Amino acid sequence: MPDTKNAPKAYPPSADMVANAHVTLSQYGSLYSESVSDSEGFWRREGGRVDWIKPFTKVKDVNFDLGHVSINWYADGTLNVAANCVDRHLATRGDQTAIIWEPDDPKDAAKHITYKQLHASVCKMANVLESLGVRRGDRVVIYLPMIPEAAYAMLACARIGAIHSIVFAGFSPDALSARINGCDAKLVITADHAPRGGRATALKSNTDAALLHCKDTVKCLVVKRTGGQTTWIDGRDYDCGEMMLEASDISHPAEMNAEDPLFILYTSGSTGQPKGVVHTSGGYLTYAAMTHEIVFDYHDGDVFWCTADVGWVTGHSYIVYGPLANGATTIMFEGVPTYPDASRFWQVCEKHKVNQFYTAPTAIRALMGQGKSFVEGCDLSDLKVLGTVGEPINPEAWNWYNDVVGKGKCPIVDTWWQTETGGHLMTPLPGAHEMKPGSAMKPFFGIKPMVLEPASGEVLEGNDVEGVLVIADSWPGQMRTIWGDHERFEKTYFSDYKGYYFTGDGCKRDADGDYWITGRVDDVINVSGHRMGTAEVESALVAHAKVAEAAVVGYPHAIKGQGIYCYVTLMNGEEPSDELYQELRKWVRTEIGPIASPDLIQWAPGLPKTRSGKIMRRILRKIAEDDFATLGDTSTLADPTVVTDLITNRMNKQ
Ligand code: 6R9
């Protein structure tokens, strides 16, 4: 184990890194000042990262006032996102690898897909979509494993102006049908099976189950990933491989407006229903491309690997859109970090000579627990920059990442951002900033973070302050609305603190002016870097016939960051039992998906409620954390004895 006690608090970038970086400390200073004092001028120039069909004249038209929230960037420009990610590279790098696909089983061959081949496949897929009746503005749900077809499908949608909505392949049929119906999709693209970690999920049969709850007109395009058995409904199901073979590889990219939606991505909020976050075309692409280049200090010829799944925003921005807009070589990995063993990530880094590696703290913690021998057997000498995302990284994991993986020579970019933000909002830059383990350090260009006193909304000026994090001005990658519910968009992000975008995160600005994210302040928990609304898990639990009431909170978990702690009150006459415990865990997995599987269930004869009937989650959180001493004021509870019972119960468990 590295000696964390005596480790220095801040790590400066190496001289080598500073000498070659896109942005040095003094450049950061002057560019950042420009980006906030002359936002128009700054983003006008950055808009040049995109090839426009019709150049924009307007840069920014933004209103954060409640009741009038509207966000527009480059609004009179036209472009095609797929042409920016593929076609424009053909002349200069047609034979360069665009995507390296690394399959789940290391015994199977990796695929190297050049920009030329990517172009042909995207065009074919675009023609397949059109032949199935998909038109500009239509929604297409993508429910695929991490296979090249996922990228083809995204880019094919972008090419014809359809809006994709990816559903993570770990989600259940119910979650899938809710998302298909939520955006009224015309088509769902899936695969027969999804191999992952040596096991296969039956995606097509999940899709069959989901489609039972969708309109009859929804069609299903199936990629044969394993060739395993599936059921087939003629007239509804179409074989993607067969259709691609026959499709033409000529497809004209549609001329889209900068503010036309590119994708919808459902994410969890503090209330029950997931929100369809809408990102548009011109601003999103500009921001994804810029952050990919600057934050990872990506240079031409580098091999970039983001280990996320395309089902999450990280996969959208940093596997597909950002890297491909920059003409990069990007890796798509189908597997998991621990299969066949805990050296897999490092084997892949060695095999493909990875230069920038981007993963989540939960993966680092899991691998750290397996010991460093798995890393030390691999040649990681090509690594230049390491990144983390998804949740706060604890210093122990940070130090392990730095010492064992990076050998102390790779800056770690701790990138704080959200599905809503489209790209990184705060992070150290590799050649500019010091790094402090666990700190997201500095705002990216154009980002104006502010720390507010949570109750009053008063701006906390100066350093050494802690409160809630809001952003004072827009940036091109910002979400534009919630699909079909602009009012909810305004209410969620712009009503608590007037005139600001509210992030839902707590934050500390330290004595040096560096930022530390302290975690969510709403009822959203972060399990292995996956966002989940406690309300979603609660409604899954109460849908079970034996459950009367449920309250769900997060609690500290060594590997996952946060675990899911459920307090369950059973229906009258039902008795707690080990079988029911297991049955409820399985129930939630089936209702939402394996990522929502409860870690702990506590039987609760009653829940602490205010007299108006509100569950006091603050108290439940403390009990789950075994912090019985600072429960705070319980005098407003309708029945304070409930708390004593819960504590006794909790203590007896241990
Ligand atoms: C990109 C992504 C967003 C929430 C966010 C915050 C947490 C993400 C973080 C981080 C501390 C980091 N989060 N990155 N917390 N340090 N570097 O993860 O999007 O799934 O929408 O989650 O994740 O709480 O609000 P998303």
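Residues numbered from 1 in each chain as written. Predicted model: local features only at pLDDT ≥ 70, side-chain atom pairs only at ≥ 80, totals over all residues. Heavy atoms only, no water.

A. Representation of the site of the ligand. Near the ligand, the surroundings consist of 17 residues, among which Asp 414, Thr 419, Asp 505, Arg 520 and Arg 531 are the closest. One nitrogen or oxygen atom from the main chain of Thr 415 is found 2.8 Å from a nitrogen atom belonging to the ligand. Taking 530 Å² as the accessible area of the ligand by itself, protein coverage stands at 95%. Broken down by secondary-structure element, the contributors of at least two residues to the shell around the ligand are helix H12 (313-325), strand E20 (412-415) and strand E25 (515-520). Residue classes in the shell around the ligand are distributed as six nonpolar, six polar and five charged. (Near = heavy atom within 4 Å. Polar contact = N/O pair within 3.5 Å; in protein donor to acceptor, adjacent residues only side chain to side chain. Areas by Shrake-Rupley, 256 points an atom, 1.4 Å probe, with all protein chains shown as cover. Helix = DSSP H or I, 4+ residues; strand = E, 2+ residues; numbered from the N terminus. Nonpolar A, V, L, I, M, F, W, Y, C, P; charged D, E, K, R; others polar.)

B. Structural context of the packing of helix H11 (residues 282-295) against H12. One way to put it is that H11 packs onto H12 with a least axis distance of 8 Å and a crossing angle of 90 degrees. The angle between the axes of H11 and H12 places the two elements in the roughly perpendicular class. Where H11 abuts H12, its residues Tyr 284, Leu 285, Ala 288, Ala 289, Thr 291 and His 292 lie against His 316, Ser 317, Tyr 318, Tyr 321, Gly 322, Pro 323 and Ala 325. Grouping the constituent residues of the contact of H11 with H12 by class yields eight nonpolar, five polar and no charged. (Axes fitted to C-alpha atoms, helices over the stretch in contact; angles between N-to-C directions. Parallel < 35°, antiparallel > 145°, perpendicular 65-115°, else oblique. Contact = heavy atoms within 4.5 Å.)

C. Region of interest: the nonpolar core. The biggest cluster of nonpolar side chains holds 163 residues, and the ones touching the most others in it are Leu 118, Leu 155, Leu 221, Tyr 321 and Phe 445. Top element by residues in this core is helix H7 (residues 148-160). It accounts for ten residues. In this structure Leu 118 touches Val 86, Ala 98, Ile 99, Ile 113, Tyr 152, Leu 155 and Leu 324, once residues within four positions along its chain are discounted. Phe 357, Val 375, Cys 410 and Ile 412 belong to the second largest nonpolar core, which has 32 residues in total. (Core = buried A, V, L, I, M, F, W, Y, C linked by side-chain atoms within 4.5 Å. Buried < 20%, exposed > 50% of the residue type's maximum accessible area, 1.4 Å probe, protein only.)

D. Structural detail: the sheet that holds E25. The four strands are arranged E21-E22-E24-E25 in an open sheet whose pairing can be described as antiparallel. Two strands close off the open sheet at either side, each with one partner strand: strand E21 (449-452) and E25. Here the strands of the sheet are splayed against their neighbours by 45 degrees on average, with no regard to which way each runs. Pairing analysis gives six bridges linking strand E22 (residues 465-471) to strand E24 (residues 501-509), with the strands arranged antiparallel. The partner of Val 468 across the bridge, within E24, is Gly 506. (Pairing = 2+ DSSP bridges.)

E. Highlighting the UniProt feature "binding site: Mg(2+)" (unreviewed entry) in the chain. In this structure's numbering, the residues bearing the UniProt feature "binding site: Mg(2+)" (unreviewed entry) are Val 542, His 544 and Val 547. By secondary structure assignment, the location of His 544 is in the loop between helix H18 (534-542) and strand E28 (547-557). Exposure remark for His 544: the relative accessible area of 6% places this residue in the buried category. Beyond its immediate chain neighbours, meaning those up to four positions away, His 544 contacts Leu 580, Glu 583, Leu 584 and Trp 587. Along the chain, the position of Val 547 falls in strand E28. What makes Val 547 buried here is its relative accessible area of 1%. Dropping the residues within four chain positions of it, Val 547 is found in contact with Leu 541, Val 542, Val 568, Thr 569, Leu 570, Met 571 and Leu 584. (UniProt positions renumbered as here; feature names shortened; annotations may be inferred.)

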